[in-house]
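Overview (structure and organization)
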Amino acid sequence: MRVLWMKKEDLREFLESSKQFGELWGPVQKGEVYVYDKIDDFSRLILEPKRTLLPVKKLIHPPEFNILRYEGETYKTELENIPRRVVYGVPPCDIHGLLILDDLFRRYYPDPYYITRRERTAILGVSFCTPTEGCLCKSMGTDVVQEGFDLFFSDLKDFYLVWVGSSLGDDMVKVRPDLFNNNITRKHLDKFMECKKERDEKFTKSIDMTVIPDIMELSYDSPVWEEIGERCLECGACTMVCPTCNCYNVVDEPSISGFTGERRRYWDCCIFTEYSLVAGGDNFRATRADRLKLWYTHKLKSFGYSGKPACVGCGRCIDTCPVDINVLSVVRGLLGGKEKEGKS
Amino acid sequence: MGKKKIGIYSFSGCSGEQLVILECGAELFNLCDLTEIKSFPMAQSNNEYTLLDIGLLEGSITTERQKRELKEIRSHAKILVAMGICACFGGIQSMKLGEGGWKKRFQKVYGDEDKLFKTMKPLESKPCNAFVKIDYYIPGCPIDKKQFLHSITHVLNGSSPYLYQFSVCTECKWKENDCLLLRGLPCLGPLTRGGCGAACLCYNIPCVGCWGPAEVLNVPSEYRLLIEKGYTTEEIQRKFRKFGGAPMVECLKKIMKQSNYSATKAPRLKGGI
Ligand code: SF4
Ligand code: SF4
Ligand code: SF4
């Protein structure tokens, strides 16, 4: 991977130049939260990485959209309308989230809607973030990232180290080669190590992932599932905000004449009663406890073909659940309340 | 195949559903082309009780006469659809349902029943399904145009409408709103049917539940949560009942039967969480 460095003050100019590769998107403040939004007014863009309410998946696997429109016997997909975008400000955990979705939607179940959006979206990652309450990337091994982005900016206070992750990233650099410097010296490396160390010391919460997958295996009959099942409001919020939740529903919306119509796709959630309901009225996971157990099995034990836990430690479920059900509280419960809140 | 006959009938409510239907634009003309509309009080004269393929109802039942009319419509209609929360659950006028004391409240507002309401014979407000079988429900206050068109299209074509079953929170997250419940405000999003597009939440206004109780709801958990956040049982019950109608009355009855729900702290299992 090519690594360059760039002066802090040159970022804005670089991002302006990257607009020729697509609409510029990045985190902005909305009330008390951060969201990815289209950047027309540069002063709104937040340069440090932030935990946005929805992860970057919202731009690649949108909450709701039309797959196609039909008229009589012909139909037209909406693929060609997908815009090119350059998304700045994506933290490492979110990129890891994308890698897990890539596995699913690019490798095992090629999904043209996901693939097209992914290909038309340049991902510009940023670290080092200052870990906030609930950041668990260090525990999950998702605090660093080697792939899945086009460019990655390590914020080392006085300058950025810029990792070029794809040929598109390389093309973006080539538009303003004057802003980048490829002379990486000892000084840069030292600064990198210093910032990483400083960041690592700021984590306040941790989960010991060397044991949790096994603890999950051993906790099939734990009373924790009943307990959280009784408390869960079945609101779906945790699922919407999780970077690695990917389920969706597809519904046809015919017009009254029946001649035209559209096919909609929107996020679904395995915690909903309806999710595991099948024709004939049987429900494979009839209790909320069972459904939550599935959710947490995917996040903390194994998910998909990789067989690895799908939690990327973004901390969103901790921020989101109104009744305090999240990876931390579940782990604490499974460990009998002994899990200490502390440094890793 | 002849045109399908449909009829819209209005009971006690604000007639918001008819207004939404009138605002359906081009799709309304398509509906008129494809069907024979036998009743639509807001849009036409000469409305009749007659044989119908689809009967669409709005409003709750508050008089003996409405009850009779409803039963007559049912006997004539192959399919009955309740529209809006008054018809579906009882609406705001059913807020006190099951609490008793209806006669007294009535008298206080209207005076002596015998002298005033001989022909109509007032009843305590109830949803349509308290008296007849309802085939499909389109919740909302008022209903949403898209959900109405979706439902009528499916029913006309002999299939079942499929509306969101999840609660308001799901759409609230799609719109990336900061959670008001977490900030301590009494948001009823988790108990309320989705479909409104989280309209109020997008303006930072807590959900009051106007789309009616969700298909699946965990009333005890939100009840307990609001107690923990410092609301009194009276405040909570009033909020839950405002738009919750008959289904909420049932849920609250169950909760009150369990011991000590008014206790300030809910018991939690050992084990840490
Ligand atoms: S389970 Fe929670 S912390 Fe883990 S990735 Fe999902 S939202 Fe983030
Ligand atoms: S956010 Fe909490 S209450 Fe809502 S579905 Fe998830 S676990 Fe249940
Ligand atoms: S603000 Fe209300 S509707 Fe939105 S997520 Fe929170 S509880 Fe649900």
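Everything quoted here is computed from the prediction, not taken from an experiment. (Residues numbered from 1 in each chain as written. Chains lettered and ligands numbered in written order. Predicted model: local features only at pLDDT ≥ 70, side-chain atom pairs only at ≥ 80, totals over all residues. Heavy atoms only, no water.)

**Some thoughts on the pattern of salt bridges**
Under the defined criterion, the tally for this structure stands at 49 salt bridges over all chains. A salt bridge links D158 of chain A to K191 of chain A; the nearest nitrogen and oxygen atoms lie 3.8 Å apart. Of this pair, D158 of chain A sits in the loop between β8 (151-155) and β9 (159-164) while K191 of chain A sits in helix α7 (residues 186-200); the two residues are 33 residues apart in sequence, bridging distant segments of the chain. Taking relative accessible area as the criterion, D158 of chain A reaches 53% and is therefore assigned exposed. Notably, a salt bridge pairs R241 of chain B with E99 of chain B, separated by 3.4 Å at the nearest N-O pair. (Salt bridge = Lys/Arg side-chain N within 4 Å of Asp/Glu carboxyl O. Helix = DSSP H or I, 4+ residues; strand = E, 2+ residues; numbered from the N terminus. Buried < 20%, exposed > 50% of the residue type's maximum accessible area, 1.4 Å probe, protein only.)

**So, the site of ligand 1**
Residue and element names in this part refer to chain A. Around ligand 1 sit C242, P243, W295, K299, C311, V312, G313, C314, G315, R316, C317 and V327, and those are all the residues in its vicinity. Mapped by element, the contributors of at least two residues to the shell around ligand 1 are α11 (288-300) and α12 (316-320). Counted by class, the shell around ligand 1 contains 8 nonpolar, 2 polar and 2 charged residues. (Near = heavy atom within 4 Å. Nonpolar A, V, L, I, M, F, W, Y, C, P; charged D, E, K, R; others polar.)

**Regarding the sheet that holds strand β7 (residues 121-127) of chain A**
Residues and elements named next belong to chain A. The strand order β3-β2-β6-β7-β8-β9-β1-β10 describes an open sheet built from 8 strands, whose pairing is mixed. Single-partner strands in this sheet number two, and they are β3 (33-38) and β10 (180-181). Where helix α3 (residues 92-108) meets the sheet, its contacts fall on β3, β6 (85-90), β7 and β8, and the angle it forms with β7 comes to roughly 140 degrees. (Pairing = 2+ DSSP bridges. Contact = heavy atoms within 4.5 Å. Axes fitted to C-alpha atoms, helices over the stretch in contact; angles between N-to-C directions.)

**Some remarks on the environment of E72 of chain B**
Residues and elements named next belong to chain B. Mapping E72 onto the fold places it in helix α3 (residues 64-76). On the accessibility criterion, E72 (35% relative accessible area) is partly exposed. When the C-alpha atoms of E72 and Y49 are compared, they prove to be 7.6 Å apart, with 23 residues separating the residues in sequence.

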